[in-house]
Amino acid sequence: MKRNSTRYLTFMAMMITLALILSYFETLIPAIPIPGAKIGLPNLVTLLVLSTLGFWDALVILIIRTTIVSMLFTSVLSLAYSLSGGILSLVIMFLVIRFLKDRISIVATSVIGATMHSVGQVLCAMLIVESFSLATLLPILILISIVTGMIVGFSAKFTLKHFNLMLRKGTT
Amino acid sequence: MKKKEIVILAIVVVVLAAVLLLMNVIGGNGQRKLVITIDGQEYQTITLTEETNMHFTVETPDGVNEVVITNGVVDVVSADCHNQVCVDTRPASKVFDKIVCLPHKLILEIVGDNGEVDYQ
């Protein structure tokens, strides 16, 4: 898909909207009683775009999505957490897909991404609160990430078939 | 998912579970203290026993958190932050348990009294 085509713009706008809806949907689900733990449904969009279009497209969607979400639902400070987690997660997922292309499934990629999201968030929180004690949250957070990463990963796996079909149709 | 991935994942889960179990065992015995930290600075330390019952508010530069201690179990019951994560966090009672309010840069954590969980 050409980057300056109307089709591309529409597609990106649609993906950002989808990510926003998923973010909102996630706030309706009761919170997991561990600080910082979320299912991470919007990562589904990041993962899909990363594996179909590419790194830069996923990055654009990630940045726009987190900015809008922090303006709508939360505060500017939480933008720092979401962005640090999101970007670390995206970069690692990109590297994993790039170097292990056929040897790794999308579910495993998603699990790695979810884990890195937690790690990035905790690192950012440690910087802001200036305390290493938050590191003891990591084991439980990573454990939760593995479960949520699998949920997102399987969703991505089933969506991807239709997603590819949608992308191919009418592409020039 | 491929077989190899499931095996690796299972190993990681087992290791993490072991770490959590170990943390639980270490934190299980001995004296406990509640350490309240705001923006990296220690604000207050309270020794916890089975009979500790308190109700107080912590005032941070960014907002207020209302803390209740019932029989040595610490819980944040209300806060004027936007995300309410600290209120949703389950009550803390064991060493390594912590309640964090990131918008207020506030950490409530349980540490052992012999200073083995000293990070500074």
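About the thresholds
- Throughout, a residue's number is its position along its own chain's written sequence, starting from 1.
- Ligands are numbered from 1 and chains lettered from A, in the order in which they are written.
- Only residues with pLDDT of at least 70 are given local features in this predicted model, and only at 80 or more are side-chain atom pairs given and counted; all residues enter the totals for whole chains, interfaces and linings.
- Water and hydrogen atoms play no part in the side-chain values, which are based on all heavy atoms of the structure.
- Strand pairing is assigned whenever DSSP detects at least two bridges linking the two strands.
- Helix and strand assignments come from DSSP, with helices taken as H or I runs of at least 4 residues and strands as E runs of at least 2, each series counted from the N terminus.
- Axis geometry follows a simple rule: fit a line to the C-alpha atoms, using only the stretch in contact for helices, then measure angles between N-to-C directions, giving values from 0 to 180 degrees.
- Type-normalised accessible area, obtained with a 1.4 Å probe on protein chains alone, sets the label of each residue: buried when under 20%, exposed when over 50%, and partly exposed for intermediate values.
- Values of pLDDT, the confidence the predictor places in each residue, fall between 0 and 100.
- Any angle from 65 to 115 degrees is called roughly perpendicular, while one under 35 is roughly parallel, one over 145 is roughly antiparallel, and all others are oblique.
- A crossing counts as left-handed when the near helix is turned anticlockwise from the far one by less than a right angle, and as right-handed when that turn is clockwise.
- Between two residues, a contact is recorded if the distance between any of their heavy atoms is within 4.5 Å.
- Think of it as three bins: nonpolar holds Ala, Val, Leu, Ile, Met, Phe, Trp, Tyr, Cys and Pro, charged holds Asp, Glu, Lys and Arg, and polar takes everything else, Gly as well.
- Buried area adds together the accessible area that both of two parts lose upon being put together, with accessible area traced by a 1.4 Å probe.
- Each reported salt bridge corresponds to a side-chain nitrogen of Lys or Arg within 4 Å of a carboxyl oxygen of Asp or Glu.
- Pairs of N or O atoms are called polar contacts if they sit within 3.5 Å, as long as, within protein, a hydrogen donor faces a hydrogen acceptor (for residues adjacent in sequence, only side-chain-to-side-chain pairs).
- We define the nonpolar core as a collection of buried residues of types Ala, Val, Leu, Ile, Met, Phe, Trp, Tyr and Cys that are connected through side-chain atoms lying within 4.5 Å of one another.
- An automatic or database domain assignment supplies the start and end points of every domain.

Novice: Where do I start with the sheet that holds strand 4 (residues 63–70) of chain B in this structure?
Specialist: Sheet strands line up and pair through hydrogen bonds in the backbone, either parallel or antiparallel. Residue and element names in this part refer to chain B. Here we have three strands laid out as an open sheet, ordered 3-4-5, and antiparallel in their pairing. At either margin of the open sheet sits one strand with a lone partner, and together these are strand 3 (54–60) and strand 5 (73–79). Across the sheet, the mean angle from the axis of one strand to that of its neighbour is 25°, orientation sign disregarded. With six bridges connecting them, strand 4 and strand 5 associate as antiparallel partners. The partner of Ile69 across the bridge, within strand 5, is Val74.

Novice: Honestly, unusual backbone geometry in this entry has me stumped. Any pointers?
Specialist: Where the residue is not glycine, phi is negative for most of them; where a peptide bond is considered, it is trans in most cases. The phi angle at Phe96(B) is positive, at roughly 85°, despite the residue not being glycine. According to the relative accessible area criterion, Phe96(B) is buried, its value standing at 17%.

Novice: Which parts of the structure should I look at to understand the sheet that holds strand 6 (residues 98–101) of chain B?
Specialist: All names here are of chain B. Judged by pairing direction, the sheet is antiparallel, and its four strands sit side by side in the order 2-1-7-6 without closing on themselves. Whereas interior strands pair on both sides, the edge strands pair on one side only; in this sheet they are strand 2 (41–48) and strand 6. Here the strands of the sheet are splayed against their neighbours by 20° on average, with no regard to which way each runs. Note: strand 1 (residues 32–38) against strand 2, seven bridges, orientation antiparallel. Within strand 2, the position partnered with Arg32 by the bridge is Leu48.

Novice: Is there a simple way to explain the confidence of the model for chain B in this structure?
Specialist: Low-pLDDT stretches of the model should not have their predicted coordinates read in fine detail. Of the residues in chain B, 90% have a pLDDT of 70 or more, and the chain-wide mean is 81. In the predicted complex, the global pTM is 0.82; the interface-specific ipTM is 0.74.

Novice: Please clarify how the packing of helix 2 (residues 43–52) of chain A against helix 5 (residues 106–129) of chain A should be interpreted in this entry.
Specialist: The angle between the axes and the distance between the axes are what describe a pair of packed helices. Residue and element names in this part refer to chain A. Contact geometry of helix 2 with helix 5 gives a least axis separation of 11 Å together with a crossing angle of 125°. On the basis of their axis angle, the class for helix 2 and helix 5 is oblique. The two elements helix 2 and helix 5 cross, and the hand of that crossing is right-handed. On helix 5, the residues touching Asn43, Leu47 and Ser51 of helix 2 are Ile106, Thr109, Ser110 and His117. Residues of the contact of helix 2 with helix 5, tallied by class, amount to two nonpolar, five polar and no charged.

Novice: Even after reading the chapter, I still don't get the interface of chain A and chain B, so can you show me in this structure?
Specialist: Many descriptions give the size of an interface as the accessible area lost when the pieces come together. In this assembly, 34 residues from chain A lie in contact with 27 residues from chain B. Of the roughly 2600 Å² buried at the junction of chain A and chain B (both faces included), carbon and sulfur atoms supply 72%. Seen at the junction of chain A and chain B, the total is zero salt bridges. At the junction of chain A and chain B, the tally comes to two residue pairs in polar contact (both at pLDDT 80 or more). Residue assignment for the side of chain A that touches chain B shows that the elements contributing at least two residues are helix 4 (76–100), helix 5 and helix 6 (138–168) of chain A. Looking at the side of chain A that touches chain B, the element that brings in the most residues is helix 6 of chain A, giving eight residues. When its residues are assigned to classes, the side of chain A that touches chain B shows 23 nonpolar, seven polar and four charged.

Novice: What am I meant to see in the nonpolar core here?
Specialist: Burial of nonpolar side chains together is a common tendency in soluble globular proteins. Residues and elements named next belong to chain A. Among the nonpolar cores identified, the biggest contains 30 residues, and Met15, Val45, Ile61 and Leu90 are the most heavily contacted of them. Those elements that provide at least two residues to this core are helix 1 (6–28), helix 2, helix 3 (55–72), helix 4, helix 5 and helix 6. The element best represented in this core is helix 1, accounting for eight residues. Excluding anything up to four places from it in sequence, Val45 contacts Met15, Leu18, Ala19, Leu22 and Ile61.

Novice: Help me understand the domain arrangement of chain B, please; the structure alone is not making it clear to me.
Specialist: According to the domain assignment, chain B contains domain 1 (1–30) and domain 2 (31–120). Computed over C-alpha atoms, the centres of domain 1 of chain B and domain 2 of chain B are 26 Å apart.

Novice: What's the story with the pairing of strand 6 of chain B in this structure? I'm lost.
Specialist: Within a regular strand, the side chains alternate between the two sheet faces. All names here are of chain B. Of the two faces of strand 6, the one holding Lys98 and Val100 and the one holding Ile99 and Cys101 are both buried throughout. Where strand 6 and strand 7 (residues 106–112) come together, four bridges link them in antiparallel fashion. Looking across to strand 7, one finds that Cys101 is bridged to Leu106. As consecutive antiparallel partners, strand 6 and strand 7 are separated by four residues, and within that stretch Lys105 has a phi angle of approximately 55°, a positive value.

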